[in-house]
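Residue-level structural notes
Here is what each chain is made of, one letter per residue.
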Amino acid sequence: MSEPAPAVQSPRGESEADVIVVGAGPAGSTTAFYLAQAGLDVLLLEKTRFPREKVCGDGLTPRAVKQLIAMGIDVDAPGWIKNRGLRVIGGGMKIELPWPELADYPEYGLVRTRYDFDEILANNAVRGGARMLQGVNVTGPILDERSGHIVGVTAKRDGEPTTFRAKLVIAADGNSSRLSISMGLNKRDDRPMGVAVRTYYTSPRHEDDYLESWLELWDDERLLPGYGWVFGVGDGTSNVGLGLLNTSAAFQNIDYRDLLRRWTKNMPAEWGYVEENMTGPIRGAALPMAFNRQPHYTRGLLLVGDAGGMINPFNGEGIAYAMESGCLAAQIVAQALARRTPAQRERALLTYPRVVKDTYGGYYTLGRIFVKAIGNPELMKFATRHGVPHPTLMRFVLKLLANLTDRRGDASDRIINALSKMTPAA
Ligand SMILES: Cc1cc2nc3c(=O)[nH]c(=O)nc-3n(C[C@H](O)[C@H](O)[C@H](O)COP(=O)(O)OP(=O)(O)OC[C@H]3O[C@@H](n4cnc5c(N)ncnc54)[C@H](O)[C@@H]3O)c2cc1C
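This report concerns the structure included in the present document.

Rules behind the numbers
- Residues numbered from 1 in each chain as written.
- Predicted model: local features only at pLDDT ≥ 70, side-chain atom pairs only at ≥ 80, totals over all residues.
- Heavy atoms only, no water.
- Near = heavy atom within 4 Å.
- Polar contact = N/O pair within 3.5 Å; in protein donor to acceptor, adjacent residues only side chain to side chain.
- Areas by Shrake-Rupley, 256 points an atom, 1.4 Å probe, with all protein chains shown as cover.
- Nonpolar A, V, L, I, M, F, W, Y, C, P; charged D, E, K, R; others polar.
- Pairing = 2+ DSSP bridges.
- Helix = DSSP H or I, 4+ residues; strand = E, 2+ residues; numbered from the N terminus.
- Axes fitted to C-alpha atoms, helices over the stretch in contact; angles between N-to-C directions.
- Contact = heavy atoms within 4.5 Å.
- Parallel < 35°, antiparallel > 145°, perpendicular 65-115°, else oblique.
- Left-handed = near helix turned anticlockwise from the far one by under 90°.
- Core = buried A, V, L, I, M, F, W, Y, C linked by side-chain atoms within 4.5 Å.
- Buried < 20%, exposed > 50% of the residue type's maximum accessible area, 1.4 Å probe, protein only.
- 1 Å grid on protein atoms, 1.4 Å probe; cavity = no way out; pocket = protein on both sides within 12 Å on 5 of 7 lines; lining within 4 Å.
- Points joined across faces, edges and corners; volume = space filled by probe spheres on them.
- Salt bridge = Lys/Arg side-chain N within 4 Å of Asp/Glu carboxyl O.

Near the ligand, the surroundings consist of 38 residues, among which E46, R52, K54, G57 and D306 are the closest. At 2.7 Å, a side-chain N or O of E46 approaches an oxygen atom of the ligand. Interatomic distance of 2.9 Å between a backbone N/O atom of I319 and an oxygen atom of the ligand. When the ligand is considered free in solution it has 1000 Å² of accessible area, and contact with the protein chains removes 94% of it. Its residues assigned to classes, the shell around the ligand shows 19 nonpolar, ten polar and nine charged.

Okay, the sheet that holds strand β16 (residues 226-232) next. Across the sheet, which stays open at both edges, the seven strands sit in the order β6-β5-β13-β16-β17-β12-β18 with mixed pairing between neighbours. Of all strands in the sheet, those with a lone pairing partner are β6 (93-98) and β18 (283-288), marking the two edges. Recorded for the sheet is a direction-independent mean angle of 20 degrees between the axes of neighbouring strands. Bridging between strand β12 (residues 193-202) and β18 involves six bridges; their strand directions are antiparallel. When the sheet's bridge partners are listed, V197 is paired in β18 with G284. The sheet contacts of helix α5 (residues 256-265) involve β12, β13 (210-214), β16, β17 (237-245) and β18, and relative to β17 the element is tilted by about 125 degrees. Sheet strands in contact with helix α10 (residues 391-402) are β5 (85-90) and β6, and its direction is about 55 degrees off that of β6.

Another aspect to go through is the sheet that holds strand β3 (residues 59-60). The strand order β3-β7-β4 describes an open sheet built from three strands, whose pairing is antiparallel. A single partner strand is all that each edge strand has here, and the edge strands are β3 and β4 (81-83). With three bridges joining them, β4 and strand β7 (residues 109-111) adopt antiparallel strand pairing. Bridge pairing in β7 places I81 opposite V111.

Attention shifts here to the packing of α10 against helix α11 (residues 411-422). Any two packed helices are characterised by how steeply their axes cross, that is the angle between the axes, and by the distance between the axes. Between α10 and α11, the least distance of the axes is 10 Å, while the angle of their chain directions is 40 degrees. Between α10 and α11, the interaxial angle falls into the category oblique. Between α10 and α11 lies a crossing of right-handed hand. Facing α10, whose interface residues are F396, K399 and L400, α11 presents S412, D413, I415 and I416. Its residues assigned to classes, the contact of α10 with α11 shows four nonpolar, one polar and two charged.

Looking at where N124 falls in the secondary structure, it is placed in helix α3 (residues 114-127). Within the local environment of N124, its side chain forms a polar contact with the backbone oxygen of M71, the two atoms lying 3.4 Å apart. Residues contacting N124, with those up to four places away along its chain left out, are F33, M71 and I73.

The next point concerns the nonpolar core. Counting 92 residues, the largest nonpolar core has V19, V21, L68, W80, V333 and Y352 as the members making the most contacts within it. The element best represented in this core is helix α6 (residues 319-337), accounting for 13 residues. Setting aside residues no more than four positions away along its own chain, L68 makes contact with L60, I73, V75, W80, L110, F117, L121 and M323. Judged by nonpolar contacts, the second largest core, of 23 residues, contains V195, L217, V230 and L242.

Bringing the layout of surface pockets into the picture now. Taking a probe equal in size to a water molecule and rolling it over the atoms shows the remaining empty space. The space that makes up the second largest pocket amounts to roughly 860 Å³. For the lining of the second largest pocket, the secondary-structure elements that each account for two or more residues are α2 (62-70), α6, α8 (351-374) and α11. Looking at which element gives the most residues to the lining of the second largest pocket, the answer is α8, with seven residues. Grouping the constituent residues of the lining of the second largest pocket by class yields ten nonpolar, nine polar and ten charged.

Here the structure, examined in full by the defined rule, presents 24 salt bridges. Put simply, D76 and K82 hold a salt bridge, and the shortest N to O gap is 2.5 Å. The class of D76 is exposed, set by a relative accessible area of 59%. Judged by its relative accessible area of 35%, K82 falls in the partly exposed class. Ionic pairing is found between R191 and D190, a salt bridge with its closest N-O pair at 3.6 Å. One salt-bridge network, in which partners are shared between bridges, spans R87, E96, R205, D208 and E212.

You can see F117 is positioned in helix α3. On the basis of relative accessibility, which here comes to 0%, the residue F117 falls in the buried class. Distance from F117 to G79, taken between C-alpha atoms, is 9.6 Å for residues 38 residues apart in sequence. Once you skip the residues sitting within four places of it in the chain, F117 turns out to touch P26, L60, L68, W80, R112 and I319.

Below is the structure:
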């Protein structure tokens, strides 16, 4: 666990700031960190209190590691479990794929439970100059009557109603993003959605230098679109879970917890993935993908991370995108708030949705095509059976699925980059 950061004093009253960030998950804490670094007075409001559990696979790819390093987080400190790549199990085979060697990303991933990962990031934001208030449940926007812009939020602080005011508000409140909904930004039904469940088991496999991914999840005779994972947490437990996509007929009426139990039942007994070794219940949550909530800026509100549906549809990874979008949003907000007139400010803020689309839009559209394709069990079966045995192909697939390429990289990087660029961002 990280040292608690010293409290930052506000130049104004406690309930006023330049920017309010709602939610101190990876997206909110990263946004708050970069905003504070840019010299802005930032209020980070979090409804829970740290440390707290968060349902997740706890897996960090080199994309996420890059973001942690950029914020000065010491990932060599105890508690960060490094991994060298992805072990893929499918088509009757097992293949270990090291993370690609790239100029733009480190060559290792990490595992760290969200129990203290989120606290480390939140403390880092406070150390960077943000003010954080925990136990503050934001209940709605305060709107300027004339412009309809959000100029603050209503909240319950330890149960007591209160208000906070700012020039801009960031919705970093995760998948359900009540704040976005109250500003009229609902989920889009034409985007893929996932559901994932996980639990922890005490296991001799708790130390593993590969993240492990099982491509074949069977519901009796049906092959399901999604995958299972086994990530060694290094503390005596493994994080074991599975995620499924809504592109199959099975999506609505599946008992995910039961599926997890049935899947692990067929694993070797010595791994210990049995009920008695569970250290907590099986918990689950939704995976909002491929920009399922838009626009990412409207009337004083910017959306980052899961609130903006930014999970990668290829692999279900969301933490890297939460941190990256937080960084992008902070850069744009810092520029906007330095403009002289409201019109100039608005023009700068309206670049955020465009920048986010330019960065991920084409790639996410490809992801939507992929997700639709694997919703067909026959195609999924064919791809697993004929893909996994080919290491060169699988190395390409790893780069594509984990979105790990150099801008000016090798042939496979250039193919992936060109495909993402050619595909319309939507
Ligand atoms: C089972 C499962 C496994 C996953 N595995 C992985 C994985 O291995 N790797 C990966 O990269 N991604 C994974 N993901 C996705 C990842 O968890 C999310 O993409 C990531 O947490 C998004 O970060 P965020 O900051 O946008 O939102 P969140 O992490 O959801 O944070 C939102 C924060 O806002 C707070 N909040 C919410 N409402 C309010 C309110 N009204 N007022 C104040 N605060 C509020 C919440 O308490 C929370 O702290 C997984 C998801 C699931 C469900």
